[in-house]
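# Descriptive structure summary
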Amino acid sequence: MALADIRKEIPRTFFHILGGLILAGAGFFLPPPLNGYFLAVVFCAACVVEGARLLVPSVNRAARIVVGPFMRPGEERGLTGAIPFTGGVLLAFLLFPRPVALASMVPLIFGDRAALLAGKGFGRIRIGAKTLEGSLACLAASLAVYFFASFFWPAVFGYPLLVLIGASITGTAAEALPRPFDDNLTIPLAVGAFLLLAG
């Protein structure tokens, strides 16, 4: 059952990571205010598409043909995570300097997916709606990516070790918050604020 749950999430994980890297790259490499305009357009497009899906059945059917493999069963007739995800990236690059915003993407793009895969596949110890195993995976994945990035890109990720650990812990705590908090929003904002204060 664990492996079956993980296999179901593989297409969505690929979409989540690729989409997150594209948005984060655009936010960092495009000069202000062009990066903000681009991310705002993507966010508005997500809102329009999601609204059209809910209001127009034919649009929803077309969307399910295109992105059906990336959708969970409950999202076929409801909202997906596209709006909070694009909104979280947009807010991070509007509120924080570009290097800080980019660094705040690590737990969102990698840690969040590690938490979901570990929680669905191997989670046993519940923490509200989340699992201890998922939170530990989020922490480990975030920290691993931070270490890797700090080695190859110290100009952006070259924080002291304790700061990287703190950012990973902050992202993990933000991911574990219960509803109505959405981790697509809480992770980049919490981690960005931490790095801004700690850096």
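Structural data are supplied above this passage.
Report follows, based on the coordinates. Just so it is clear, the model here is predicted, and its values are computed rather than measured. (Residues numbered from 1 in each chain as written. Predicted model: local features only at pLDDT ≥ 70, side-chain atom pairs only at ≥ 80, totals over all residues. Heavy atoms only, no water.)

## A short note on the packing of aromatic side chains
Evaluated as defined, the whole model comprises eight aromatic pairs. Judged by centre distance (4.7 Å) and plane angle (45°), the ring pair of Phe-148 and Phe-152 falls under tilted. In this pair, Phe-148 and Phe-152 both sit in helix H6 (residues 132–152), four residues apart, roughly one turn of the helix. Phe-152 carries the same exposure label as Phe-148, and that label is exposed. Both rings, one in Trp-153 and one in Phe-157, keep their centres 5.9 Å apart while their planes meet at 65°; by these two values the pair is edge-to-face. For Trp-153, a relative accessible area of 31% gives the class partly exposed. Take Phe-157: its relative accessible area is 6%, and that puts it in the buried class. (Phe/Tyr/Trp six-rings, centres within 6.5 Å; stacked < 30°, edge-to-face > 60°. Helix = DSSP H or I, 4+ residues; strand = E, 2+ residues; numbered from the N terminus. Buried < 20%, exposed > 50% of the residue type's maximum accessible area, 1.4 Å probe, protein only.)

## Details of the nonpolar core
The biggest cluster of nonpolar side chains holds 30 residues, and the ones touching the most others in it are Val-89, Phe-93, Met-105, Tyr-146, Phe-157 and Leu-195. For this core, the elements supplying multiple residues, two or more each, are helix H1 (2–29), helix H4 (82–95), helix H5 (98–122), H6, helix H7 (154–157), helix H8 (161–176) and helix H9 (183–198). It is H5 that contributes the most residues to this core, eight residues altogether. In this view, Phe-93 contacts Ala-24, Gly-27, Phe-28, Asn-35, Leu-39, Arg-98, Ala-101, Leu-102 and Met-105; residues no more than four positions away in its chain are not counted. (Core = buried A, V, L, I, M, F, W, Y, C linked by side-chain atoms within 4.5 Å. Contact = heavy atoms within 4.5 Å.)

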